[in-house]
Amino acid sequence: MSGLEILGFAAAIMTTVCWLPQALRTLRTKDTKALSLVTQSVLTVGVALWLFYGILVGDAPIILANSVTFILVALILAMKLRYG
């Protein structure tokens, strides 16, 4: 594994893990009032596009990070849509 790949995986892990506390809190409390629907929607679509891009170029760090991040932000978006 090259230094560049290590850098990519480190960035992928950090930007993915940062969504875990928010997703867990949202699941636990079902409180989404402070979350912006527009922001969460745009973020979810943006992450989906990054995932699609990563698949097209075959970049493992991008695919890994955005696969997990998409699940987390889509879950938060679904909770926002359900609980307002």
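Calculation notes
Residues numbered from 1 in each chain as written. Predicted model: local features only at pLDDT ≥ 70, side-chain atom pairs only at ≥ 80, totals over all residues. Heavy atoms only, no water. Helix = DSSP H or I, 4+ residues; strand = E, 2+ residues; numbered from the N terminus. Buried < 20%, exposed > 50% of the residue type's maximum accessible area, 1.4 Å probe, protein only. Contact = heavy atoms within 4.5 Å. Areas by Shrake-Rupley, 256 points an atom, 1.4 Å probe, with all protein chains shown as cover. 1 Å grid on protein atoms, 1.4 Å probe; cavity = no way out; pocket = protein on both sides within 12 Å on 5 of 7 lines; lining within 4 Å. Points joined across faces, edges and corners; volume = space filled by probe spheres on them. Nonpolar A, V, L, I, M, F, W, Y, C, P; charged D, E, K, R; others polar.

Let us now look at the overall build of the chain. Broken down by element type, the chain carries four helices and zero strands. Dimensions of the chain, computed from C-alpha atoms along their principal axes, come out at roughly 45 × 20 × 15 Å. With 84 residues in all, the chain has 26% of them scored as buried. Partitioning the intrachain contacts of the chain with sequence separation of at least 6 by distance along the chain shows that 73% fall at a separation of at least 24. Approximately 5,500 Å² of the chain is accessible, and the part contributed by carbon and sulfur atoms is 75%.

Let us look at the environment of Val42. Structurally, Val42 is set in helix H3 (residues 37-57). Among the residues examined, Val42 registers a relative accessible area of 57% and is labelled exposed. Taking the C-alpha atoms as reference points, Val42 and Ile62, 20 residues apart in sequence, are found 18 Å from one another.

A few words now on the layout of surface pockets. The calculated volume of the largest pocket comes to roughly 240 Å³. In terms of lining residues, the largest pocket is bounded by 14 residues, among which Ala11, Ala12, Thr15, Ala65 and Asn66 are the most central. For the lining of the largest pocket, the secondary structure elements donating two or more residues are helix H1 (3-17), H3 and helix H4 (60-83). A total of five residues in the lining of the largest pocket trace back to one element, the largest contributor, which is H4. Of the residues belonging to the lining of the largest pocket, the class tally is nine nonpolar, four polar and one charged.

Right, let's get into the side chain of Gln40. Position of Gln40 among the secondary structure elements: in helix H3. What makes Gln40 buried here is its relative accessible area of 5%.

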